[in-house]
Amino acid sequence: MTKWVYSFSAERAEGRGEMKNLLGGKGANLHEMASLGLPVPPGFTITAEVCTFFYANGKTYPPDLKAQVDAAVAEVGRETGRAFGDPANPLLLSVRSGARASMPGMMDTVLNLGLNDAAVETLAKTSGDARFAYDSYRRFIQMYSNVVLDVDVHNFEDILEQYKDGKGYALDTDLNAEDWRVVIADYKRRVIEETDKPFPQSPDAQLWGAIGAVFSSWMNQRAITYRRLNAIPAEWGTAVNVQAMVFGNMGETSATGVAFTRNPSTGSNELYGEFLVNAQGEDVVAGIRTPQNITEAARKAAGSDHPSLESLMPEVFSQFVATTQLLEKHYRDMQDLEFTVERGKLWMLQTRNGKRTAKAALRCAVEMANEGLISREDAVSRIDPGALDQLLHPTLDPKAKPKPLATGLPASPGAASGEIVFSADEAQSLRQAGRKSILVRVETSPEDIHGMHAAEGVVTTRGGMTSHAAVVARGMGKPCVSGVGAIRIDYNAQTMTVGGVTLKKGDILTIDGGSGEVMQGAAPMVKPEMTGGFATLMGWADSVRRMKVRANAETPADARVARSFGAEGIGLCRTEHMFFDGERIVAVREMILADTEQGRRAALAKLLPMQRQDFAELFEIMTGLPVTIRLLDPPLHEFLPKTDEEVEEVAKAMKVSAEKLRARAAELHEFNPMLGFRGVRLAIRYPEIAEMQARAIFEGAVLAGRKTGAPVTAEIMVPLVIGRPELDAVKAIIDAMAEAVAKETGVKVPYHVGTMIELPRAALRAGDIAKSAEFFSFGTNDLTQTTLGVSRDDAASFLGTYTVKGLLRADPFVTLDTEGVGELITIACERGRATRPDIKLGVCGEHGGDPASIAFCEGARLDYVSCSPFRIPIARLAAAQAALGRKAASTA
């Protein structure tokens, strides 16, 4: 018989921490905490395999599941001395989701399950607190009706607000037991109006309704969006965790809270979190009440006059601190904890590795390694390379920082400017239009996740440091300022007002998530620097990395940025990017319009000194490092004007007829330019172009060598070859220019000639091509297009559908198609090395900065990857992790 249910309690735990695939992250950690002897409310986990069965069998359950659940519920009853479904001694339960990867707020939870009209009377008597009992019941009705019965939560919020207004109450805590009785009756009437059925009174029916709702929530829209954004496979499914309820809302000696063992924004080694007295868990993260600080130090730093847990419940605080220290040491990572205090007794409800900003992740990893908690290799492996993007973009310039309109909580660091929007859909619409936005909300909910992803940053007027907005923004690397109580939002008028200033939708807002400040208008930013923990970790990464990391750069500015980020050379200098400025574009157009070779050479002679200086500057900046220069690649028509207005303007400036320009453009027009007259084909047809560029490279190398005193080794790359004959023809031109420059200058520049492998035929003929090529650089952008038969510029209309339906694992222009394109790369590597064992192999497409693609490159034993300058640190870290992964696999 398949075991579908695993029980845990203070007495025993059937599961273990490493069983995350089966029990989900939350369930596995509950079992692990129980096995450590920590105070965990007894309960059980329904495995993720049931979720898989549920969706594979028309949302039905395995036949033997109910018996296993009934037995587990009975066991929880024995542990607590209560009985599920017994109105005289009711066992109340919580039902929560728990996927193997943390998905905060994405799926559904039901608390206080088992309450009904009879059980609430018993709870009122046995607790000695009727208000607590009816408050718990109304919470259960609202939550269950929303999650299981699909009754919109606003129905209940409206009822409660109208009742409070009628009574003159300001807060929920103003309501007494009799008030809650009236509200409950109104809630139950609304359920009948919305569903045509009374609220279920059977605890067993309630339990199975909640279990089904949790499994169903795995496929709700917000969960689907979260999985897509975080690359979580749908087939993983979710487990369900059922536990005995413990109550943080049983009076002033009860509380509930959320904490991190280290600061999730900065990474500093300090207990960080919030709690509320006389509250249930959702109150803390919902932002309905302003939470209190756990430690005295945090309370003082925040300037709060609300007592801390440390001062309010010192014995509980001491036990909690000891528990947090034990869990961080046990898991060897920062923990995110949920806890409840019920009448002075501490209960641990959850632990998991805490989500954190990139800045915090770096600091935690480096400090934990220095503390001896983890190894340096562990530290390198812990950082998501993609998350480094958070540290590689501008922050507010402190010298020109505008005066803040208001200040809230610094919920997620970083700075951003954008147009004010008041809904997630508006943020997404602006993103699609190429415009930046700041999402401003009273509070965010899981339904806002697509807008939070689309916006540059988030502002909320309610909520604390562990609110939904704060947690999700930190995970996304978005700046967030929460709890800005001074802001008043009018959704109908689409305005926000603060301190007498009213801003409307579309006005520019700047936020600083590190300081919690909100500012009107745009603000200047400063570039980031790799210092401190960043530099330390990157040093550790470099010590284990095998592959080199180069930059795609052709301007001096890009080259300097790349070198500052640790680039080990230039892997792709696209010479055509140098042709679009001022005088250059005029000379290029003269060359294109020339009817004779003599005319073309005259135009190219004007370009030569400009190209020479370009290359000399790059060689100088990259002194001692390789620089790979690609000869002219794009079709010539790209340099000609497109519209009639542009044609007339250019013709006038060049003193030629507009008709001649149009005729030449028509002559060069192609139906499929990507596969047309470009790359090596230009050098074959017009060898004088290759001559000029080769001469400029060698003369630039001579100039740079004389200036720096260091010899320059040039790497010259011929694009888009289909076989060795083409390469040989262009290589002869390059060799002749090298010899000519050596004779003229007396300096013999060392150089290598190679090619881009970006066509399937070139990959298949790599063995023959390697007889002439000293290096291959895989141009994976074009190799992907020509292998898949997909135009990158036209694929947006259908690639999303392919990835959603699982026809492609990822966008092949973002992450390398290892099965198709990857196999061609592997073939080319094997055949190239067979001919020339010391051939240098690299990647210079956009994939060179993608961590998953870099892992493939390590497996293929490439020598280097090349990517855009701001992705250099990402590539360095990803290459180190790939090397560690390969090492681990070889020793397994």
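Before reading further, recall that the structure is shown in the block above.
Residue indices begin from 1 for each chain and proceed along its sequence in written order. It should be noted that, the model being predicted, local features are given only for residues of pLDDT at least 70 and side-chain atom pairs only at 80 or more, the latter also being counted only at that level, while totals for whole chains, interfaces and linings use all residues. As a convention, hydrogens and water are excluded, and side-chain values are obtained from all of the structure's heavy atoms.

Asks: Tell me what's going on with helix H4 (residues 117–127), and back it up with residues and numbers.
Replies: Where H4 is concerned, the buried positions are Ala119, Val120, Thr122, Leu123, Ala124 and Ser127. In what follows, residue pairs with any heavy atoms lying within 4.5 Å of each other are defined as contacts. Note on conventions: DSSP H or I runs of at least 4 residues are helices, E runs of at least 2 residues are strands, and numbering of each starts at the N terminus. Check the buried side of H4 and you find it contacts helix H5 (130–147). In protein, a polar contact means a hydrogen-donor-capable atom and an acceptor-capable atom, both N or O and within 3.5 Å, with residues adjacent in sequence counting only if both atoms are side-chain atoms; elsewhere, any N or O pair within 3.5 Å suffices. One side-chain oxygen of the residue at the start of H4 lies 3.1 Å from the amide nitrogen of Ala118, identifying that residue as Asn116. One or two residues past the end of H4 sits Gly128, with phi positive at roughly 70°. The rule is simple: take the accessible area with a 1.4 Å probe, protein chains only, and divide by the maximum for that residue type; under 20% is buried, over 50% is exposed, in between is partly exposed.

Asks: So what's going on with the pairing of strand E7 (residues 272–277)? Residues and values would help.
Replies: Of all 6 residues in E7, 6 are buried, a share of seventy percent or more. Two strands pair when backbone bridges link them, and E7 and strand E8 (residues 292–293) are joined in this way by 2 bridges, in the antiparallel orientation. Looking at E8, one finds that Phe275 is bridged to Gln292. Here, strands pair whenever DSSP counts at least two bridges between them.

Asks: Can you tell me about the packing of aromatic side chains, naming the residues and giving the values?
Replies: Centres within 6.5 Å are what make two rings of Phe, Tyr or Trp a pair, Trp counting through its six-membered ring; a difference in plane orientation under 30 degrees is then read as stacked, over 60 as edge-to-face, and the rest as tilted. One pass over the structure, following the stated rule, counts 17 aromatic pairs. Consider the rings of Trp4 and Phe53, whose centres lie 6.3 Å apart with planes at 65°: the pair is edge-to-face. In this pair, Trp4 sits in the segment before strand E1 (5–8) while Phe53 sits in helix H2 (residues 48–56), placing the two residues 49 residues apart along the sequence. Judged by relative accessible area, which is 10%, Trp4 ranks as buried. We classify Phe53 as partly exposed; its relative accessible area is 23%. Connected via pairs of aromatic rings, a cluster forms that spans Phe54, Tyr55, Tyr61, Trp208 and Phe215. Stacked on the ring of Trp218, the Lys or Arg Arg227 has its end atom at 4.2 Å from the ring centre. Stacked on the ring of Trp347, the Lys or Arg Lys345 has its end atom at 4.6 Å from the ring centre. Distance and angle both matter: a charge sits over a ring if NZ of Lys or CZ of Arg is within 6 Å of the ring centre and within 35 degrees of the ring normal.

Asks: Any chance you could break down the pairing of strand E2 (residues 43–46) for me, citing the residues and the numbers?
Replies: Of the two faces of E2, the one carrying Gly43 and Thr45 and the one carrying Phe44 and Ile46 are both buried. In this sheet, E2 lies alongside E1 in antiparallel orientation, the contact comprising 4 bridges. In the strand pairing of E2, Phe8 is matched with Gly43. By the bridge criterion, 4 bridges tie E2 to strand E5 (residues 238–244) in an arrangement that is antiparallel.

Asks: Report on a nonpolar patch on the surface, specifying residues and quantitative values.
Replies: Grouping into patches uses exposed residues only, defined as over 30% relative accessible area, and leaves out salt-bridged ones; the cut-off is 9 Å for like charges and 5 Å for nonpolar side chains (Val, Leu, Ile, Met, Phe, Trp, Tyr). Per-residue accessibility takes into account occlusion by the displayed protein chains alone, with areas from the Shrake-Rupley method and a 1.4 Å probe. We define a salt bridge as a side-chain nitrogen of Lys or Arg found within 4 Å of a carboxyl oxygen belonging to Asp or Glu. On the surface, a cluster of nonpolar side chains totalling about 280 Å² of accessible area is made up of Phe798, Tyr802 and Leu807. With respect to the secondary-structure elements, Phe798 resides in helix H31 (residues 796–804).

Don't take any of this as a statement about function, it's just geometry.
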